[in-house]
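Fold and contact review
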Amino acid sequence: MTSAAAGVKPTTALIVDHQLQLDSAAVAQTAQQQAKSLGCVATQIIRIDIGTVGGPEAAARTARYRALDAARDGAPVLLGHTLDDQAETVLLGLGRGSGPRSIAGMRPCDPPWYRPLLGVRRAVTRAACAELGLTPWQDPHNSDRRFTRVRLREEVLPLLEDVLGGGVAEALARTASALRADTDTLDELADRALSGLRRDGALDTEKLTVLPESLRLRVIRRWLLDGGGSDLTDKQIRGVDALVTAWRGQGGVAVGSRLRERRLIAARRDGMLTLHTEPVRNVENCARA
């Protein structure tokens, strides 16, 4: 949140109340008052209900972004992620083996989301709050070691800093930046390749096989996203890739879909990759069979 008097455009503060603590409403109201004192021209408290899909952290993140997107009224949203958050994200991606896209971390500019503090250490933001006479809210979940990110923050990163002689968080952030540049270039090449492989919404497997693996996987990912896929995993994308590179007449691959009651299925037929949907129950029965 920034002050309009500091030469910044008039700012609206969107305050998300996750309702995960008994005093969350009071915390949100305090944040609202602070936003007004900093010069925000408008404030809005958004109360959300957290689901369970993907675990508590992922569910809270999904609900938060959905609420912000609905409330932003077409305007860009400034988020408070710091360099420390970026380092933690890179380590999480590395540990999960999710590929370079996850290790590339968060983007400073990913419209409508913008992260102006992504190159700033968390300690600097706390010092700024102290100088401004602000008391930032310390979420109890941020010190709860049941969460993987908290253990990375309090145990793993300090150990790495000690063993490697410091500068680890900055090094991880630089790694993310370098990987984003590489990933952006490969994505652009994959988009160009995809346009020549489509045929009535399907993909020509013969032409796919001649692509380098890094490009082929990206072409498949983009094709799945364009066809309604969401929350795609590396395992799912490689499963679809096996329909191209290790074809033995196997059945289709279920991938993430934006539809609640139906799953998106990628299958191979007559030398083409095709997409169709099936009821979730049918997909689960097929998996058990």
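Residues numbered from 1 in each chain as written. Predicted model: local features only at pLDDT ≥ 70, side-chain atom pairs only at ≥ 80, totals over all residues. Heavy atoms only, no water.

As annotated in an unreviewed UniProt entry, the protein chain carries the name tRNA(Ile)-lysidine synthetase and comes from Mycolicibacterium celeriflavum. In its Catalytic activity (unreviewed entry) section, UniProt records this for the protein chain: "cytidine(34) in tRNA(Ile2) + L-lysine + ATP = lysidine(34) in tRNA(Ile2) + AMP + diphosphate + H(+)". (UniProt positions renumbered as here; feature names shortened; annotations may be inferred.)

Okay, the state of the cysteines next. Within the structure shown, the criterion is met by zero disulfides. Free cysteine cysteine 129: the closest other cysteine sulfur is in cysteine 40, separated by 13 Å. (Disulfide = S-S within 2.5 Å.)

On to the environment of aspartate 241, then. If you trace the backbone, aspartate 241 turns up in helix 10 (residues 234–245). With near-sequence residues (within four places) excluded, aspartate 241 lies in contact with Arg216, Leu217 and Ile220. (Helix = DSSP H or I, 4+ residues; strand = E, 2+ residues; numbered from the N terminus. Contact = heavy atoms within 4.5 Å.)

Bringing the packing of helix 3 (residues 83–96) against helix 6 (residues 148–164) into the picture now. Contact geometry for helix 3 and helix 6: axes closest at 10 Å, N-to-C directions at 95 degrees. One way to sum up the angle between helix 3 and helix 6 is to call them roughly perpendicular. Residues Asp85, Glu88, Thr89, Leu91 and Leu92 of helix 3 form the contact with helix 6, whose participating residues are Thr148, Arg149, Leu152, Arg153, Val156, Leu157 and Leu160. (Axes fitted to C-alpha atoms, helices over the stretch in contact; angles between N-to-C directions. Parallel < 35°, antiparallel > 145°, perpendicular 65-115°, else oblique.)

Quick look at helix 9 (residues 213–226) now. The end-to-end C-alpha distance of helix 9, which contains 14 residues, comes to 20 Å, matching closely the 20 Å that a straight helix rising 1.5 Å per residue would cover. Every buried residue of helix 9 is accounted for by Leu215, Arg216, Leu217, Arg218, Val219, Ile220, Trp223, Leu224 and Leu225. Following helix 9 by one or two positions, glycine 228 has its phi on the positive side, about 110 degrees. (Expected span 1.5 Å × (residues − 1). Buried < 20%, exposed > 50% of the residue type's maximum accessible area, 1.4 Å probe, protein only.)

With that settled, the discussion passes to a nonpolar patch on the surface. A contiguous nonpolar patch, built from Leu159, Val163 and Leu164 and spanning about 320 Å² of accessible area, is present on the exposed surface. On the basis of relative accessibility, which here comes to 60%, the residue valine 163 falls in the exposed class. (Patch = residues over 30% accessible without salt bridge, like charges linked within 9 Å, V, L, I, M, F, W, Y side chains within 5 Å. Areas by Shrake-Rupley, 256 points an atom, 1.4 Å probe, with all protein chains shown as cover. Salt bridge = Lys/Arg side-chain N within 4 Å of Asp/Glu carboxyl O.)

Okay, the side chain of arginine 115 next. Within the element layout of this structure, arginine 115 appears in the loop between strand 5 (113–114) and helix 5 (122–132). Look at arginine 115: it is buried, it has no salt bridge, and the nearest opposite charge is aspartate 110 at 5.0 Å. Within the structure, the side chain of arginine 115 is placed 3.1 Å from the side chain of histidine 81, a separation counted as a polar contact. When neighbours within four sequence positions are excluded, arginine 115 is seen to be in contact with Tyr65, Leu79, His81, Met106, Arg107, Pro108 and Asp110. (Lys, Arg positive; Asp, Glu negative; His and termini not counted. Polar contact = N/O pair within 3.5 Å; in protein donor to acceptor, adjacent residues only side chain to side chain.)

For the rest of this paragraph, the subject is the environment of arginine 47. Along the chain, arginine 47 turns up in strand 2 (residues 42–47). Separated by 30 residues in the primary sequence, arginine 47 and aspartate 17 place their C-alpha atoms 4.7 Å from one another. Those residues in contact with arginine 47, other than ones at most four positions away along the chain, are Asp17, Gln19 and Ala25.

Taking strand neighbours across the sheet as the criterion, the three strands line up as 3-5-4 in an open arrangement whose pairing is mixed. Edge positions in the open sheet fall to strand 3 (77–78) and strand 4 (109–110), since each of these has one partner strand only. Both strand 4 and strand 5 contribute to a ladder of two bridges, which runs antiparallel. For cysteine 109, the partnering residue across the bridge sits in strand 5 and is tyrosine 114. (Pairing = 2+ DSSP bridges.)

Checked against the element boundaries, arginine 263 lands in strand 9 (residues 262–269). With 14 residues separating them along the chain, arginine 263 and threonine 277 place their C-alpha atoms 5.4 Å apart. At 3.4 Å, the side chain of arginine 263 and the backbone oxygen of valine 255 are in polar contact.

Moving on to the pairing of strand 9. Relative to strand 9, strand 8 (residues 253–255) runs antiparallel, the two sharing three bridges. Counterpart to valine 253 in the pairing with strand 9 is alanine 266. Bridge count between strand 9 and strand 10 (residues 272–279): eight bridges; the pairing is antiparallel. Its bridge partner lying in strand 10, arginine 269 is registered against methionine 272.

The next point concerns helix 1 (residues 24–37). Taking 1.5 Å as the rise per residue, helix 1 with 14 residues should run 20 Å; its terminal C-alpha atoms sit 20 Å apart, in good agreement. Listed as buried for helix 1 are Ser24, Ala28, Gln32 and Ala35. Down the axis of helix 1, the buried set is contained in an arc of 85 degrees. They therefore lie on one face. For helix 1, exposure combined with an orientation more than 90 degrees from the buried face picks out Gln33 and Ser37. Turning to helix 1, the residues buried within the fold contact strand 1 (12–17) and strand 2. A positive phi of about 105 degrees marks glycine 39, the residue just after helix 1. (Arc of directions from axis to C-beta.)

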